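Coordinates in review
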Amino acid sequence: MNPTLTIAKREFKERVKSRLFISMALLGPAIIIFGLYSLFSLSGSENQNLKILVADPAGIMDNVMTGQQGQIQYTFVAKYVEIEDFANGAEYQKFDALLEINEKVLTNNLAFFFQRKVINPGLITRIHRDMEKRLEMLKAAEFTNLNFETFRKVMHGVKLEVRDAYRPEMKNNYHMAAYTGFFFGLMILLFVFTFGMTILRSSSGEKSNRVAEVMLSIVKPSQLLLGKILGIGASALLQTALWIFGIAVGLAILRFTLFPDMFSAQTLVANDGVFLYNSWQDLVFSKINFATMLPWFILLFLLSYLFYGSIFAALGAAQGSESDGQKFLIPMFLLFLIAVAAGYFVIEYPQSPWSTFLSLFPFTAPMVNMVNIALGIGDGSIWTFFLSLFIMLLAAIVLLRFAARVYKKALLNTGYRLNWGRLIKWGMKG
Amino acid sequence: MSNVSMSFDSGKIHALLGPNGAGKTTLIRLINQILEPDSGSIYFKGKYIDRKFLNNIGYLPEERGMYTSMTVENYLNFLADLRGLERKTAKHQIDTWLDKFDIQSWRKKRIEELSKGMAQKIQFVSTVFHDPELLILDEPFSGFDPTNIQLMRGVLRELKEAGKTIVLSTHNMNNAETISDHITLIHKGKLVLDSNYAALKKQFSQDVYAVQFKGNMLAFANALWVNYDLIESKQIGENQFIAKVKLLNNSTVGDLIQTLTGNIEFEGVWQDAPSMEDIFIQLTQPTAV
């Protein structure tokens, strides 16, 4: 067998037999499933029923909002209610929130909403709209001769449906899609950082326990490096596969045991055509296109692992002491934070020239591309995407060569303090 | 290292000596292709040495390192795979060496469970089990108790008789003296001595003889005249002494015996040859080079 593969095989076996690997494979998916279950269960349904107390001493609302409006039941009182009384008074405990509308609302356009617990933003928007409609009614009566029904017709609302120009058939759930990509990007960074650290520890361990000298008397430094990266990479890939499998099984169990009627026709009919699930359940069980996301996730993971793994290997081999490792980990950690921040930036400013740059820059490309894939890469940006993959591959090859030179020069050197100058000199000249 | 030229004969044990920082490890790493020379060449059996020859070399570094979480068997099989040995050959060779050291029972043990001496044996086996023609052993006796040092010396002699070339880098002059056929001394990156052991002894011998006798020390001293220099004397019993005498003016040991006859009762006369340690110190003292 090729020495590189022999080394890779040894590294792979050592990793997958370790307790850390096994516990990560079991605990990782379990934690994620538990987190998702919590989101499914605790974030509540969008059909949450709310009891709202409206304190309207000036009678501005004129009982327009009285009674049940969808999931919201309004109860009016024509007086001020002190916040302390609302918070602690026995008679107010049945209300989920207090909407305070004072007489100045028509001039300062300000009302207050005091909630006992966090209420779904969608429901708050509905309350907001109900209140605005009443105020519009008053203004219409004051400034026009139109009755309210006629006024509503004048105030013609338009729903603006945003679609992708290249795939107009797809509904645009921009933020939901973007943050799904962001989550996949985070998972790539998490795995790359975790297994990058394994490469670093393995390289520095071989250096400090002197097994490197035995190895280098048999194989080339580049073979040792590549074997290590491939072996640990294979174990990382297996870990990823186990996570995907574990999460898939966990989601299936959740879907068929805890939420069995979520998408059934009976449930739909029973709830007047409204699905009884929240946006998280909707996202995970019906919106994420796993068939598209997972292959790209794996490809981007492999490219970024090769890229970052080479840097970790070079740092591990170049360490002159334990403190060197600590010193160089901080910049590495910062790079990962920058990648995370880049993902957020691209979500908020997708058309910025910086977003294109961040998708091409190899340090941030895995995260940014995952976001872009989740949003859907249109024909207009397809070349940027493939250029980005090409740059990542090229950068990974360059860094592998850099790391191999560092390996050759540094693995048997000890008793120095590592600095950037020395590292770059080793990496460039070998 | 600069301007170092040396050769190692097959079927011999070569001691590679030198003070700390002399360049021994650098030389060894150059032979092993771990380092590349700025200039110069290394030949193996007349052919320019390259990585293809690494399987003909067994290298035991001074600072031992092994994958300690592996079992003895897995570690040796891993090295066999790296060296491209066939599984059957590897198994046979590993069995042979584990039997030789009587350590078959350690096969399934993890290396981290072994004592330093035990791990040392495994490291030695990993150095020789692929049957290399050249063995480079850096401090092979360190970590061994006297019994195991004896065992190791026996194994090295067997390997030498089997025609292997053995380069022994050591600071232990006693080991170098006991087992080596040839001494190479490097100092500050330069070759300062390259000689077989017998010639070396002769080269550094200073015509000093030790005389063990019964009698009177004053009579002994008075008997020596212009051709001899009494260097030191030591009383070892009642009227029993050992004295060291340096021969001067081309006088011989026969002349010395003749001069002393009748003055003392001889118990023994032998040449007081310098030890390897004396030679080492002499050659590596600041004034020596």
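Just so you know, these numbers come straight off a predicted model, no measurement behind them.

A word on the overall build of chain B. Within chain B, the regular secondary structure consists of 10 helices and 12 strands. In terms of overall dimensions, chain B is more spread out than a globule: its C-alpha atoms have a radius of gyration of 24 Å, far above the 19 Å expected for 289 residues. With respect to the three principal axes, the spread of C-alpha positions in chain B is 75 × 45 × 30 Å. The buried share among the 289 residues of chain B stands at 48%.

In this section: a negative patch on the surface. Residues and elements named next belong to chain A. A surface patch of like charges, here negative, comprises E82, E84, D85 and E91. With respect to the element layout, E84 can be found in helix α3 (residues 83–88). With relative accessibility at 60%, the residue E84 sits in the exposed group.

A few words now on the sheet that holds strand β4 (residues 57–60) of chain B. Strand pairing in a sheet relies on backbone hydrogen bonds. The paired strands run either parallel or antiparallel. All names here are of chain B. Strand order in this open sheet of six strands is β4-β5-β6-β1-β7-β8, and the pairing throughout is mixed. Only two strands of the sheet have a single partner each, and these edge strands are β4 and β8 (190–196). Put simply, the sheet's adjacent strands are angled 15° from each other on average, direction ignored. By the bridge criterion, four bridges tie β4 to strand β5 (residues 134–138) in an arrangement that is parallel. Bridge pairing links I57 to L134 in β5. Across the sheet, helix α5 (residues 146–161) touches β1 (13–17), β5 and β6 (165–169), and the angle it forms with β6 is around 145°. Lying on the sheet, helix α7 (residues 197–204) is in contact with β7 (182–187) and β8; it crosses β8 at an angle near 110°.

Okay, helix α14 (residues 353–360) of chain A next. Those residues of α14 of chain A that fall on the buried side of the exposure criterion are S355, L358, S359 and L360 of chain A. For α14 of chain A, the capping residue at the N-terminal end is S352 of chain A, with a side-chain oxygen 3.0 Å from the backbone nitrogen of W354 of chain A.

Most of helix α15 (residues 365–375) of chain A sits out of view: eight of its 11 residues are buried. Looking one or two residues beyond α15 of chain A, the residue adopting positive phi is G376 of chain A, at roughly 95°.

A separate point is the interface of chain A and chain B. Each partner contributes to the interface: chain A provides 21 residues, whereas chain B provides 23 residues. In total, about 2,100 Å² of surface goes out of reach between chain A and chain B, with carbon and sulfur atoms giving 58% of it. The largest share of the area that chain A buries against chain B comes from R10, E213 and I218 of chain A, three residues that together contribute 28% of it. Taken together, the connections running from chain A to chain B amount to three salt bridges. For the salt bridge of E36 of chain B with K408 of chain A, the shortest nitrogen-to-oxygen distance reads 3.0 Å. Applying the counting criterion to the chain A and chain B interface returns seven residue pairs in polar contact (both at pLDDT 80 or more). Every element with two or more residues in the side of chain A that touches chain B is listed here: α1 (3–16) and α8 (211–216) of chain A.

Next up on the list: the packing of aromatic side chains. On inspection of all chains with the given rule, the structure shows 34 aromatic pairs over all chains. Relative to F357 of chain A, the ring of W354 of chain A lies with its centre 5.6 Å away and its plane at 90°, an arrangement referred to as edge-to-face. Remark: F357 of chain A and W354 of chain A occur in helix α14; sequence separation between them is three residues, near one turn of the helix. With a relative accessible area of 53%, W354 of chain A lands in the exposed category. For F357 of chain A, a relative accessible area of 41% translates into the label partly exposed. Of note, K100 of chain B hangs over the ring of W97 of chain B, and the distance from its end group to the ring centre comes to 5.3 Å.

Right, let's get into the side chain of E139 of chain B. Residue and element names in this part refer to chain B. Position of E139 among the secondary structure elements: in the loop between β5 and α5. For the buried E139, no salt bridge is present, and the opposite-charge side chain at shortest range is K24, 6.5 Å distant. Setting aside residues no more than four positions away along its own chain, E139 makes contact with E62, R64, Q120, S169, T170, H171 and N172.

All names here are of chain A. For the pair α1 and helix α7 (residues 174–208), interaxial distance at closest approach is 13 Å and the crossing angle is 115°. The angle between the axes of α1 and α7 places the two elements in the roughly perpendicular class. Crossing of α1 over α7 shows right-handed handedness. Residues R10, E11 and R15 of α1 lie in contact with α7, whose contacting residues are T198, S202 and E206. Partitioned by chemical class, the residues of the contact of α1 with α7 number no nonpolar, two polar and four charged.

Rules and cut-offs
- Residues numbered from 1 in each chain as written.
- Chains lettered and ligands numbered in written order.
- Predicted model: local features only at pLDDT ≥ 70, side-chain atom pairs only at ≥ 80, totals over all residues.
- Heavy atoms only, no water.
- Helix = DSSP H or I, 4+ residues; strand = E, 2+ residues; numbered from the N terminus.
- Rg over C-alpha atoms; globule rule 2.2 N^0.38 Å.
- Buried < 20%, exposed > 50% of the residue type's maximum accessible area, 1.4 Å probe, protein only.
- Patch = residues over 30% accessible without salt bridge, like charges linked within 9 Å, V, L, I, M, F, W, Y side chains within 5 Å.
- Areas by Shrake-Rupley, 256 points an atom, 1.4 Å probe, with all protein chains shown as cover.
- Salt bridge = Lys/Arg side-chain N within 4 Å of Asp/Glu carboxyl O.
- Lys, Arg positive; Asp, Glu negative; His and termini not counted.
- Charge placed at Lys NZ, Arg CZ, Asp CG, Glu CD.
- Pairing = 2+ DSSP bridges.
- Axes fitted to C-alpha atoms, helices over the stretch in contact; angles between N-to-C directions.
- Contact = heavy atoms within 4.5 Å.
- Polar contact = N/O pair within 3.5 Å; in protein donor to acceptor, adjacent residues only side chain to side chain.
- Buried area = accessible area lost by both parts, 1.4 Å probe.
- Phe/Tyr/Trp six-rings, centres within 6.5 Å; stacked < 30°, edge-to-face > 60°.
- Lys NZ or Arg CZ within 6 Å of the ring centre and 35° of its normal.
- Parallel < 35°, antiparallel > 145°, perpendicular 65-115°, else oblique.
- Left-handed = near helix turned anticlockwise from the far one by under 90°.
- Nonpolar A, V, L, I, M, F, W, Y, C, P; charged D, E, K, R; others polar.

Limitation: the analysis is restricted to geometry and does not speak to function.
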